[in-house]
Amino acid sequence: MAGTNLLTLLDDITTLLDDIATMSKVATKKTAGVLGDDLALNAQQVTGVSADRELPVVWAVAKGSLLNKTILVPAALLISVWLPWLITPLLMVGGLFLCFEGAEKLVEKFLPHPKNDELSESENLDLVEYEKQKIKGAIRTDFILSAEIIVITLGTVAGASLLNQALVLSVIAVIMTIGVYGLVAGIVKLDDAGLYLLTQAQQTGNRFKEVLGKGLLAAAPRLMAFLAFAGTVAMFLVGGGILVHGISLLHHWQISVTEFALTNLGTLGEVLAPLLFDGVLGVLAGALVVLIHHTAVSLKAKKPAN
């Protein structure tokens, strides 16, 4: 009897772990779109820090990220228990914010805008204070991105039991933190690795080390540029996708576009149509929010002070 109960317990645990693994896999796919931007933003945050302080800064931000998620995961679970109707509106807000962030990046890149004096102010700070400000800024950025990841994950597992929700949210929080900051640590040290290999090549005459070192030095800035590009594209795709799944009319339009693409282009059209629909919608939604935001800021600036 005891043996049977033990086997039943083990079977239940195995089933639970299988469910957690499946839901975590789905949630990881849903939140992967934020990952590219998270990587790019956090890698950029350590620029300007001395080479010997890059890893300590990354570690400090990683600890702040874990603290952010320690706050966000229980908050998400409380929302799931007491205010489950709030999940969809939060997802929509998160989707719009992603679109807004992506559109802001495009505006900053392609449209002229007045530069601020942050760089000149940072030059007047001592290195310790400058580093502290870098860490605080990175942790604030991480809080926003972590909130988006947690909300998207919560929306994915909204129908699961509270235990499963807690486990999946915890798994995603840990995986994302280790994955993002482990990769950031590697990315910011690519150039150092390249310089080390070049130094070794000069001392030993090893041609392979020389080629590899030059390749790493050339790859580091290109990798950063690619991550920034991929992160921006992902923002529009993920943000647009959230809006599509949250607004039934948009979802019906997407289905119609996909069916039309399938009829005229076959399987390729069926695969590409939803992505293009989500991306275009993300760009349009982001542009609209940016326009509203900039208009509000301009009106506030023109308003005479009392």
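Quick note: structure is the one above.
Throughout, residues of each chain are indexed from 1 in the direction in which the sequence is written. Side-chain atom pairs in this predicted model are given and counted only at pLDDT of 80 or more, local residue features only at pLDDT of at least 70, and totals for whole chains, interfaces and linings cover all residues. With hydrogens and water stripped out, all remaining heavy atoms of the structure feed into the side-chain values.

**Q** Even after reading the chapter, I still don't get the overall build of the chain, so can you show me in this structure?
**A** Counting secondary structure elements, the chain contains ten helices and zero strands. Helix numbers and strand numbers start at the N terminus; a helix is a DSSP run of H or I with at least 4 residues, a strand a run of E with at least 2. Order of helices (α) and strands (β) in the chain, N terminus to C terminus: α-α-α-α-α-α-α-α-α-α. The criterion used for residue contact is that any of the two residues' heavy atoms lie within 4.5 Å. Restricting the contact set of the chain to residue pairs at least 6 apart, pairs at least 24 apart contribute 80%.

**Q** I tried to follow the packing of helix H8 (residues 207-246) against helix H9 (residues 248-265) on my own but got confused; where do I start?
**A** Two quantities define a packed helix pair, namely the angle between the helix axes and the distance between the axes. Think of each axis as a best-fit line through the C-alpha atoms, taken over the contacting stretch in the case of a helix, with angles from 0 to 180 degrees between the N-to-C directions. Running from N to C, H8 and H9 cross one another at 105°; their axes reach a closest spacing of 5 Å. Overall, the two elements H8 and H9 adopt an arrangement that is roughly perpendicular. Across the interface between the two elements, Leu243, Val244, His245 and Gly246 from H8 touch Ser248, Leu250, His251 and Gln254 from H9. Here the contact of H8 with H9 is built from residues that sort into three nonpolar, five polar and no charged. Roughly parallel means an angle under 35 degrees; roughly antiparallel, over 145; roughly perpendicular, 65 to 115; everything else is oblique. In this classification, the charged set is Asp, Glu, Lys and Arg, the nonpolar set is Ala, Val, Leu, Ile, Met, Phe, Trp, Tyr, Cys and Pro, and all remaining amino acids, among them Gly, are polar.

**Q** Please clarify how the nonpolar core should be interpreted in this entry.
**A** Proteins that are soluble and globular tend to have nonpolar side chains buried together. Ranked by internal contacts, the top residues of the largest apolar core, which has 16 residues, are Val73, Ile150, Leu169 and Ile242. At the level of secondary structure, the elements contributing two or more residues to this core comprise helix H2 (54-82), helix H3 (87-110), helix H5 (127-156), helix H6 (162-188) and H8. With five residues, H2 is the largest single contributor of residues to this core. Contact partners of leucine 169, with chain neighbours within four places excluded, come to Val73, Ala76, Leu77, Ile150, Thr153 and Leu154. By size, the runner-up hydrophobic cluster in this structure holds eleven residues, among which are Ala138, Tyr181, Ala185 and Val188. Among the buried residues, those of types Ala, Val, Leu, Ile, Met, Phe, Trp, Tyr and Cys that are joined through side-chain atoms within 4.5 Å form a nonpolar core. Each residue gets one of three labels from its accessible area relative to the maximum for its type: buried under 20%, exposed over 50%, partly exposed in between, using a 1.4 Å probe on protein chains only.

**Q** It is not clear to me how the packing of aromatic side chains should be interpreted in this structure. Could you clarify?
**A** Any two aromatic rings considered together are summarised by their centre-to-centre distance and by the angle between their planes. Working definition: rings of Phe, Tyr and Trp (its six-membered ring) pair if their centres are within 6.5 Å, and the pair is stacked with planes under 30 degrees apart, edge-to-face with planes over 60 apart, and tilted otherwise. Within this structure, the stated rule accounts for one aromatic pair. Look at phenylalanine 97 and phenylalanine 100: their rings are 6.2 Å apart centre to centre, the planes differ by 40°, and that puts the pair in the tilted class. Placement of the pair is phenylalanine 97 and phenylalanine 100 together in helix H3, with a separation of three residues, close to one helical turn. Judged by relative accessible area, which is 13%, phenylalanine 100 ranks as buried. The positively charged end of lysine 109 is found above the aromatic ring belonging to phenylalanine 110, 5.9 Å away from the centroid. Counted as over-ring charges are cases with an Arg CZ or a Lys NZ within 6 Å of the ring centre that also lie within 35 degrees of the ring normal.

**Q** Mind showing me how you'd approach the packing of helix H7 (residues 190-204) against H8 here?
**A** Axis separation between H7 and H8 bottoms out at 7 Å; the angle between their running directions is 160°. Considered as vectors, H7 and H8 are oriented roughly antiparallel to each other. Here H7 runs over H8; the crossing is left-handed. Across from Leu190, Asp191, Ala193, Gly194, Leu195, Leu197, Leu198, Gln200 and Ala201 in H7, the residues of H8 making contact are Lys209, Glu210, Leu212, Gly213, Lys214, Leu216, Leu217, Ala220 and Leu223. Looking at side-chain class alone, the contact of H7 with H8 contains eleven nonpolar, three polar and four charged residues. Left-handed is the label given to a crossing in which the near helix is rotated counterclockwise from the far helix by less than a right angle, and right-handed is the label when the rotation is clockwise.

So, to be careful, I would describe these as geometric facts and stop short of saying anything about function.
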